[in-house]
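Chain residues, written in single-letter form:
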Amino acid sequence: DAKTTQPTSMDCAEGRAANLPCNHSTISGNEYVYWYRQIHSQGPQYIIHGLKNNETNEMASLIITEDRKSSTLILPHATLRDTAVYYCIVRVAADSSYKLIFGSGTRLLVRP
Amino acid sequence: DTGVSQDPRHKITKRGQNVTFRCDPISEHNRLYWYRQTLGQGPEFLTYFQNEAQLEKSRLLSDRFSAERPKGSFSTLEIQRTEQGDSAMYLCASSSRAPGGNSYNSPLHFGNGTRLTVT
């Protein structure tokens, strides 16, 4: 089972920041938080991941709370092309296959 | 880096027929994964290869399903005697060992899947 809780859906206005929350209260100290998104009819696209520190790349920023029980994915200037399902995933440290277990994600709608 | 390639993109078949899908991972990625995704759900793990060895199979992978990765490069997923419940998107992903050997720090990269419709 997925170890994360995300809102089912969110929306934001084009050009504004989109802040997608994720709760992972049972995360272990050596487990990474991964974010993927999936645009209709495409495979999941890797966005970003982190362990403890905040991370930023060309797509997004990942803010992880100090206790690591929650995180927020930030898309700084959302565009219509960011409309997608966003998955927050905790990669289980004890799993030697290193697979990712997906939940249902957050459906983000970016409004014009 | 040309990404993970899957073929075909779409497959329509009649119930009872056999189908085979192919996945070409990113070059030199030693780990390969198959997932299945039905409408409105997140992807579900099916099976995992490290090089040519199939190391894990989900209980979702019934006896009618078989996956191979004969030379540790491309992989095939075959479904025998297809049923309507097999209709889904079949996704392939690959990953490599991360620098320093911490594979939890290495993302999976997904292809765009094969959409199977069983009529």
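Look above for the structure.
Visitor: Quick rundown of the overall build of chain A? Include the residues and the values.
Guide: Within chain A, the regular secondary structure consists of zero helices and nine strands. For chain A, the α and β elements follow one another from N to C terminus as β-β-β-β-β-β-β-β-β. Here the C-alpha radius of gyration of chain A, 13 Å, is about what a compact globule of 112 residues would show, namely 13 Å. Principal axes of the C-alpha set define a box for chain A whose edges measure 45 × 30 × 25 Å. Of all 112 residues assigned to chain A, the portion counted as buried reaches 47%. Counting only contacts in chain A whose residues sit at least 6 apart along the sequence, the fraction spanning at least 24 positions is 57%. Here chain A displays about 5,600 Å² of accessible surface, and carbon together with sulfur accounts for 48% of that area.

Visitor: Now, about the pattern of salt bridges: what can you tell me, with residues and values included?
Guide: Summed over the entire model, instances satisfying the criterion amount to eight salt bridges over all chains. Residue A:Arg37 is joined to A:Asp82 by a salt bridge in which the shortest nitrogen-to-oxygen separation is 2.7 Å. Here A:Asp82 lies in the loop between strand E7 (70–75) and strand E8 (84–91) and A:Arg37 lies in strand E3 (residues 32–38), a separation of 45 residues in the sequence. The same class applies to A:Arg37 as to A:Asp82, namely buried. Here B:Arg64 ties to B:Glu83 by a salt bridge, and the two come within 3.4 Å at their closest N and O atoms. Taken together, the positions of B:Arg64 in the loop between strand E6 (53–57) and strand E7 (65–68) and B:Glu83 in the loop between strand E8 (75–79) and strand E9 (88–95) put the pair 19 residues apart, joining distant regions of the chain. We classify B:Arg64 as buried; its relative accessible area is 11%. The structure contains a network of salt bridges with shared partners spanning A:Asp95, A:Lys99 and B:Glu56.

Visitor: Any details on the side chain of B:Gln6? Residues and values, ideally.
Guide: With respect to the element layout, B:Gln6 can be found in strand E1 (residues 5–7). Within the structure, B:Gln6 has its side chain in polar contact with the backbone nitrogen of B:Cys92 (distance 2.9 Å).

Visitor: Explain the state of the cysteines residue by residue, including any values.
Guide: Residue and element names in this part refer to chain A. Per the stated rule, a full pass over the model turns up two disulfides over all chains. Of the cysteine sulfurs around cysteine 12, a residue in no disulfide, the closest is that of cysteine 22, at 18 Å. On the basis of relative accessibility, which here comes to 8%, the residue cysteine 12 falls in the buried class.

Visitor: Describe the packing of aromatic side chains, listing the residues and the values that go with them.
Guide: Counted according to the given criterion, the structure contains 14 aromatic pairs over all chains. When the ring of A:Phe102 is compared with that of B:Tyr35, the centres are 5.9 Å apart and the planes differ by 90°; the resulting orientation is edge-to-face. Taken together, the residues A:Phe102 in the loop between E8 and strand E9 (106–111) and B:Tyr35 in strand E4 (residues 31–37) connect one chain to another. Linked through ring pairs, A:Tyr32, A:Tyr34, A:Tyr36, A:Tyr46, A:Tyr87, A:Phe102, B:Tyr35, B:Phe45 and B:Phe110 together constitute an aromatic cluster. Lying over the aromatic face of B:Phe45, A:Lys99 brings its terminal NZ or CZ to 4.9 Å of the ring centre. One cation-aromatic arrangement involves B:Arg22 over B:Phe74; the distance from NZ or CZ to the ring centre is 4.0 Å.

Rules and cut-offs
- Residues numbered from 1 in each chain as written.
- Chains lettered and ligands numbered in written order.
- Predicted model: local features only at pLDDT ≥ 70, side-chain atom pairs only at ≥ 80, totals over all residues.
- Heavy atoms only, no water.
- Helix = DSSP H or I, 4+ residues; strand = E, 2+ residues; numbered from the N terminus.
- Rg over C-alpha atoms; globule rule 2.2 N^0.38 Å.
- Buried < 20%, exposed > 50% of the residue type's maximum accessible area, 1.4 Å probe, protein only.
- Contact = heavy atoms within 4.5 Å.
- Areas by Shrake-Rupley, 256 points an atom, 1.4 Å probe, with all protein chains shown as cover.
- Salt bridge = Lys/Arg side-chain N within 4 Å of Asp/Glu carboxyl O.
- Polar contact = N/O pair within 3.5 Å; in protein donor to acceptor, adjacent residues only side chain to side chain.
- Disulfide = S-S within 2.5 Å.
- Phe/Tyr/Trp six-rings, centres within 6.5 Å; stacked < 30°, edge-to-face > 60°.
- Lys NZ or Arg CZ within 6 Å of the ring centre and 35° of its normal.

By themselves, these observations are geometric and do not establish any function.
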